[in-house]
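Each chain, letter by letter, is given below.
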Amino acid sequence: MTDNTDTSYQPRTSARRLILFSLLFIALTAAGLYAVYDQFAERSISFDIQLIAPQTLVAVAALLLVYFVSDGLRLHFTLRALGHRLSFPAIFRLVFINLFFSNVTPMATGGGFAQIWYLNHHGVPVGRATAATTIRTVLAVLFIFSLTPVFLLTLDAFDGQTITGGLGFALAIFILLYLGFFIILLFRTRWLIGPLSGLLKTLNRWHLISDTRHQRWQFKARREMLRFSHSFRDYLKGRPLFVVLSVLFTAVFLLSLFSFPALLIYSLGYDVDYLMSLGLLVVTTFIMYFSPTPGASGISEGVFGSFFSGILSGNHLILVIVSWRLITIYFGMIIGLVVLQRELIKSRRNPG
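Residues numbered from 1 in each chain as written. Predicted model: local features only at pLDDT ≥ 70, side-chain atom pairs only at ≥ 80, totals over all residues. Heavy atoms only, no water.

## A short note on the overall build of the protein chain
From N to C terminus, the protein chain includes 12 helices and 0 strands. Secondary structure of the protein chain in N-to-C order comes out as α-α-α-α-α-α-α-α-α-α-α-α. A burial count over the protein chain gives 50% of its 352 residues as buried. Contacts in the protein chain between residues at least 24 apart in sequence constitute 76% of all its contacts with a sequence separation of at least 6. (Helix = DSSP H or I, 4+ residues; strand = E, 2+ residues; numbered from the N terminus. Buried < 20%, exposed > 50% of the residue type's maximum accessible area, 1.4 Å probe, protein only. Contact = heavy atoms within 4.5 Å.)

## Considerations on the packing of helix H10 (residues 274-288) against helix H11 (residues 299-308)
Look at H10 against H11: their axes get within 10 Å of each other, and the N-to-C directions meet at 150 degrees. Looking at the two axes, H10 sits roughly antiparallel to H11. Helix-helix and strand crossings are classified by hand; for H10 and H11 the assignment is right-handed. Along the contact surface, H10 presents Ser277, Leu280, Leu281, Val283, Thr284, Ile287 and Met288, while H11 presents Ile299, Ser300, Val303, Phe304, Phe307 and Phe308. Residues of the contact of H10 with H11, tallied by class, amount to 10 nonpolar, 3 polar and no charged. (Axes fitted to C-alpha atoms, helices over the stretch in contact; angles between N-to-C directions. Parallel < 35°, antiparallel > 145°, perpendicular 65-115°, else oblique. Left-handed = near helix turned anticlockwise from the far one by under 90°. Nonpolar A, V, L, I, M, F, W, Y, C, P; charged D, E, K, R; others polar.)

## A few points about empty space enclosed by the protein
Applying the stated criterion across every chain, the model contains 2 cavities of 30 Å³ or more. In terms of lining, the second largest cavity is formed by Ile193, Leu196, Ser197, Gln218, Ala221, Arg222 and Met225. Looking at the lining of the second largest cavity, the elements with two or more residues in it are helix H7 (190-205) and helix H8 (211-237). For the lining of the second largest cavity, the element with the most residues is H8, which contributes 4 residues. A class-by-class count of the residues in the lining of the second largest cavity yields 4 nonpolar, 2 polar and 1 charged. (1 Å grid on protein atoms, 1.4 Å probe; cavity = no way out; pocket = protein on both sides within 12 Å on 5 of 7 lines; lining within 4 Å. Points joined across faces, edges and corners; volume = space filled by probe spheres on them.)

## Some points on the confidence of the model for the protein chain
Counting all residues, the mean pLDDT for the protein chain is 83, and 89% of those residues have values of 70 or more. Scored below 50 in pLDDT, residues 1-13 makes 31 contacts in the model with residues more than four places away or belonging to other chains. (pLDDT = per-residue confidence, 0-100.)

## Comments concerning the environment of Tyr274
Its place among the elements puts Tyr274 in helix H10. On the basis of relative accessibility, which here comes to 37%, the residue Tyr274 falls in the partly exposed class. Tyr274 sits 13 residues away from Pro261 along the chain, and the two C-alpha atoms are 9.3 Å apart.

## Concerning the nonpolar core
Core analysis: the largest hydrophobic core is formed by 53 residues, its most contacted members being Tyr67, Phe258, Phe308 and Trp324. No other element matches H10, which puts 8 residues into this core. Beyond its immediate chain neighbours, meaning those up to four positions away, Trp324 contacts Phe260, Pro261, Leu264, Leu281, Thr284, Met288, Ser300 and Phe304. With 49 residues, the next largest nonpolar core counts Leu94, Phe100, Val104 and Phe182 among its residues. (Core = buried A, V, L, I, M, F, W, Y, C linked by side-chain atoms within 4.5 Å.)

## Here's the deal with the side chain of Thr250
Here Thr250 shows up in helix H9 (residues 240-267). Residue class for Thr250 comes out buried when judged on its relative accessible area of 0%. When residues no more than four places from it in sequence are discounted, the contact partners of Thr250 are Arg74, Leu139, Ala140 and Phe143.

## Details of the environment of Gly302
When you line up the elements, Gly302 lands in helix H11. Taking C-alpha positions, Gly302 is 9.0 Å from Ala31, a pair spaced 271 residues apart along the chain.

Given below as structure tokens:
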């Protein structure tokens, strides 16, 4: 959950830190691509003109439109279920701002802060803005974490790979525990307050946190857990149509995101097992959720290269990885940077 903030909130990440994270993003991306080039692509890479064939560009543009529109609509209907409404231009500006921030800050923390600041700047109370962005994320997480163990245990592509051995079983258990934690957090929040309070008391008793910090963390932890639980219940009590549409467009958003590799591979003339491609990217995205690097840079390229090396020839592997990241991440980040600059300029001109 994201920490609360006040109505005078300004983006917490300084320009210098954003530049540093951006450079780190570029460096780690290059390192990840080189690792794939060296380990999985047989040190081979070549451009294939089929990727820029008119029919390919039209198909990519259409899928990209579905990807961006569904991303905006899943937040729109989450807000509507919570009783708030933003104009569509404002919603879609946020889509790109989030793409920029979440990919240049570790663990996507900056993306959460930036979304809350933006929503609050457009009239949504901070508590509701926090709830809306968190619920949107939780819906996507529930889809991905539910599907990951299914694909790990059923796809032939994972047979014989380390991730499907003891590690795969451990991941499945972890996912179930993670989902169970969220279910308890949402519907039996007070069950978690006692153990968490005890943990903080133990840390304080062992002098790992000060008395002042202990009291502050006790208050914040209880407040945020209860606030999120209440907000989620308000979301579920919202107009059923808006709740259903927020879930539906989350599913459409994820399906479009996971379909890009299959489209790119098909455009290069390969026979594509769509379900296998979909499953490989679901597991890739699951791993990316735990990456400490900005935007999972380096790690996403390495995992993708490892998983898809059995499908693509060496000279196409790097090409597909770069195209996949360019379409789903880099393109939106560039737009997000431009939109962010315009929003900040507008904010300075109209501080009220």
